[in-house]
Amino acid sequence: VAVRAEAGAGGGINPAIRKEEDKVVDTVLIGELAKPLTAYCRCWRSGTFPLCDGAHVKHNKATGDNVGPLLVKK
Ligand code: FES
C-alpha cells in the first residue's frame, strides 16, 4: 500500500494546527452537539479545526487527494 504524505514539515500529516501540542486530541460529547449534523475535519487544513470549513476541497484539487470530513449526527 502506497502512502502519500505531502503536508507538514518532516513529512507529517498536520501542516499547521496546534503544533505546540505533543498530540492534538479533541473530545466531543454527542449530546452537546449544537446542530443535528456536524462535520469534523480529517484533512488537517481547516481554519476552524476540529470542525470542517471546506478546506479539504482546495486540498483535494491541488493534490489529487480525496479526503473529507467525519459527519456526526445528533
Ligand atoms: Fe478538513 Fe473539511 S476542512 S475535512
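As the structure is a prediction and not an experimental result, all values here were calculated from the model. (Residues numbered from 1 in each chain as written. Predicted model: local features only at pLDDT ≥ 70, side-chain atom pairs only at ≥ 80, totals over all residues.)

## Quick notes on the environment of glycine 12
Following the sequence through the fold, glycine 12 ends up in the segment before strand S1 (37-40). Look at glycine 12 and you get exposed, because 11 C-beta atoms sit within 10 Å. Put simply, glycine 12 and leucine 71 are 59 residues apart on the chain and 24 Å apart in space, counted from C-alpha to C-alpha. (Helix = DSSP H or I, 4+ residues; strand = E, 2+ residues; numbered from the N terminus. Buried ≥ 20, exposed ≤ 12 C-beta atoms within 10 Å, placed from the backbone.)

## Some details on the confidence of the model for the protein chain
Mean pLDDT over the protein chain: 88, with 86% of residues reaching 70 or higher. At the low end of the mean pLDDT range in the protein chain sits strand S2 (residues 70-73), at 94; at the high end sits helix H1 (residues 55-63), at 97. When the criterion is pLDDT under 50, residues 1-5 qualifies, and its contacts beyond four places in sequence or with other chains add up to 3 contacts. Interface confidence for the predicted complex, expressed as ipTM, amounts to 0.99; the pTM equals 0.81. (pLDDT = per-residue confidence, 0-100. Contact = placed C-beta atoms within 7 Å.)

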